[in-house]
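Observations on chain architecture
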Amino acid sequence: MHVRKFCISLDDPEGCYCTGSRLTGRILLWLNKTKDIRGIKIKFGGKAHVSWQNTEHRNQFDERKRSKEVFYSGRERYVNYEFFIVGGDHSKISIAGGYEQAYPFYIDIPAGIPSSFRGKYGYIRYTITARLVKNWIFDTKEKIPIEVYSPKDLNCYPSAGLPVNRKEEKTFFTVFHSTQGPLIMNASLPQTGFVTEQDIPLTVQIINNSSLNVDSIEVKIMKVTQWKVHLPRSDSRNVKTELANRILPGVSINETKKFLEIFNCGHFYIPNLDACSIINESFYIKVKACVHSIYRKGIKIKIPIMFGTVPVCNQQYRNSISSYSEFGSNYDLTSSLPPDWNPELANQFSTLSEQYISIDPPPYSVAISMPAVSPQYYSTPPIQTWTSPAVVQPNLSTNESTTSSTDKPVISYNKSAETAPSAPPQYDN
């Protein structure tokens, strides 16, 4: 083998990058002896893939059931471009052997692409592929995955800072007459947008005018991951995950109770999947008043919420947290509904808490709970000097190559002009 070493070395050892930032790295090449090559090509790609199998039963003409495995799939591609950092398709350059050489490169990650994601039925994946284009034998390839993180600013969603109030009531009937009155349940939030590890103040009010006791009140915060496929036909699957749950005390007949409960879902990964149409994540709070009866069901309320990485500015949320800190949970509130909220507050941006902001580029394990900040990149480590008689540098304006002689060529390629496609993503065949 003439190639002793050919690999991709990223300046960030964790391989985690924010959308809109710059990825820098080097291609390390070590040949056993001097050889002529066409060049070194870099490819940056990102795609989403969803698939599963179903066993379908169909009746044949002879009235017998036959089972058949059907494969469902859906794909999207968000970025796919490649370029030469040394040489070209029709070039011929000589690379000296006997020592390791480094070829630096950088890639501007486009904004607007979804975050890296993986789950039960699919993934969103980004990769960097380096190819040593040879003249004498098959090309040598090296591929590595990278993590791309797209921040989700809740202030960009108008509904995230608005309060919500839901009301449900139910009258229980017997065979001959109805009960005394309806069972009424109210549930409200000061806002619907939250970040991980942020307190969620939920107000629940039960007015029990019926003749049945409410045994308990169940509250759950659920996450629903939706997967969609398009071939051979459109279909979808949902995966539900419970993030938090709590059981509140019951309410007796002709009794009214109001609770203010603070929920905290802890730390979990929040991807930005707005640009993906085959994978989606949604959240909701489910409140259920449980009635002990075989033939009668209680009432329940579902409140959609959303999670992001940059908290929303909302004064009413701060007031709810202050009230909880002063009085504690399960206290009787004086007002049945939250006070009128001023929509102008949604357009005001205050200084974020220290727990959500940083001046340094956050690693992947920390960035998932931080807002989008301008990353600070360090200078490229010094590279080893080599001698090359001829280096072919691509001319980006005319798509032609020019040959020049140098002792230490540093070749880079700027793809900042290429951003995420504005048209809908194309599916792979």
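Remember, it's a predicted structure, so these values are computed and weren't measured experimentally. (Residues numbered from 1 in each chain as written. Predicted model: local features only at pLDDT ≥ 70, side-chain atom pairs only at ≥ 80, totals over all residues. Heavy atoms only, no water.)

Let's talk about the sheet that holds strand 1 (residues 3-10)
Taking strand neighbours across the sheet as the criterion, the three strands line up as 1-3-7 in an open arrangement whose pairing is antiparallel. Of all strands in the sheet, those with a lone pairing partner are strand 1 and strand 7 (100-108), marking the two edges. Going across the sheet, the axis of each strand differs from the next one's by a mean of 15°, ignoring polarity. Where strand 1 meets strand 3 (residues 22-31), seven bridges bridge the pair, whose relative direction is antiparallel. When the sheet's bridge partners are listed, I8 is paired in strand 3 with I27. (Pairing = 2+ DSSP bridges. Helix = DSSP H or I, 4+ residues; strand = E, 2+ residues; numbered from the N terminus. Axes fitted to C-alpha atoms, helices over the stretch in contact; angles between N-to-C directions.)

Regarding the confidence of the model for the protein
Any segment with low pLDDT has predicted coordinates that should not be analysed in fine detail. Residues at a pLDDT of 70 or more form 69% of the protein, whose mean pLDDT is 77. Long-range and interchain partners of residues 329-362, a stretch whose pLDDT sits below 50, account for 59 contacts in this model, where long-range means more than four residues apart. Below a pLDDT of 50 lies the segment residues 372-429, which in the model reaches 104 contacts outside its immediate sequence neighbourhood of four places, other chains included. (pLDDT = per-residue confidence, 0-100. Contact = heavy atoms within 4.5 Å.)

Here's the deal with the pairing of strand 14 (residues 200-208)
Counting buried positions along strand 14 yields eight of nine residues, so the element is predominantly enclosed. Here six bridges tie strand 12 (residues 183-189) to strand 14, and the two strands are oriented antiparallel to one another. The residue bridging M185 from the neighbouring strand is I206, located in strand 14. Bridging between strand 14 and strand 17 (residues 255-263) involves nine bridges; their strand directions are antiparallel. Bridging from a neighbouring strand, T203 pairs with L260 of strand 17. (Buried < 20%, exposed > 50% of the residue type's maximum accessible area, 1.4 Å probe, protein only.)

Details of a positive patch on the surface
Taken together, the side chains of K43, K47, R75, R125, K141 and K143 present a region of like positive charge at the surface. Counting residues per element, the ones that place at least two in the positive patch are strand 4 (35-59) and strand 10 (140-149). Take K43: it is sitting in strand 4. (Patch = residues over 30% accessible without salt bridge, like charges linked within 9 Å, V, L, I, M, F, W, Y side chains within 5 Å. Areas by Shrake-Rupley, 256 points an atom, 1.4 Å probe, with all protein chains shown as cover. Salt bridge = Lys/Arg side-chain N within 4 Å of Asp/Glu carboxyl O. Lys, Arg positive; Asp, Glu negative; His and termini not counted. Charge placed at Lys NZ, Arg CZ, Asp CG, Glu CD.)

Observations concerning the nonpolar core
One finds I27, I40 and I128 to be the most contacted residues of the largest nonpolar core, which totals 50 residues. Ranked by residues supplied to this core, first place goes to strand 5 (residues 65-87) with eight residues. Setting aside anything within four residues of it in sequence, one finds I40 in contact with F6, I27, L29, F83, F84, I85, V86, Y103, R131 and L132. I206, V214, V287 and I303 belong to the second-largest nonpolar core, a separate cluster that totals 34 residues. (Core = buried A, V, L, I, M, F, W, Y, C linked by side-chain atoms within 4.5 Å.)

Details of the side chain of S91
Its location among the elements puts S91 in the loop between strand 5 and strand 6 (93-95). Since its relative accessible area comes to 12%, S91 is described here as buried. In terms of polar contacts, S91 uses its side chain to reach the backbone amide nitrogen of G88, at 3.2 Å. (Polar contact = N/O pair within 3.5 Å; in protein donor to acceptor, adjacent residues only side chain to side chain.)

Quick notes on the sheet that holds strand 11 (residues 164-170)
What links the strands of a sheet is backbone hydrogen bonding, and the strands pair in either a parallel or an antiparallel sense. Spatially, 11-12-14-17 is the arrangement adopted by the four strands of the open sheet, whose pairing is antiparallel. In this open sheet, the two strands that pair with only one neighbour each are strand 11 and strand 17. Along the sheet, successive strands turn relative to each other by an average axial angle of 15°, direction set aside.

Regarding unusual backbone geometry
A cis amide bond, omega 0°, links L231 with the succeeding residue P232. Relative to the helices and strands, P232 resides in the loop between strand 15 (214-229) and strand 16 (235-251). With a phi close to 55°, N254 is a non-glycine residue in the positive phi region. With respect to the secondary-structure elements, N254 resides in the loop between strand 16 and strand 17. On the accessibility criterion, N254 (53% relative accessible area) is exposed.

Remarks on the environment of R125
Its location among the elements puts R125 in strand 9 (residues 122-134). Note on R125: relative accessible area 42%, which makes it partly exposed. R125 sits 79 residues away from G46 along the chain, and the two C-alpha atoms are 5.6 Å apart. With near-sequence residues (within four places) excluded, R125 lies in contact with G45, G46 and K47.

Remarks on the packing of aromatic side chains
Within this structure, the stated rule accounts for ten aromatic pairs. Ring plane angle 75° and centroid distance 5.2 Å describe the contact between F268 and F307, whose orientation is recorded as edge-to-face. Remark: F307 occurs in strand 19 (residues 299-308) and F268 occurs in the loop between strand 17 and strand 18 (279-291); sequence separation between them is 39 residues. For the pair shown, F268 and F307 are each scored as buried. Grouped by ring-pair contacts, the aromatic residues W52, Y72, F117, Y121 and W227 constitute a single cluster. The ring of Y123 carries R125 above its face, with NZ or CZ at 3.8 Å from the centroid. Across the ring face of F263, the terminal group of R246 is positioned such that the distance to the ring centre comes to 4.3 Å. (Phe/Tyr/Trp six-rings, centres within 6.5 Å; stacked < 30°, edge-to-face > 60°. Lys NZ or Arg CZ within 6 Å of the ring centre and 35° of its normal.)

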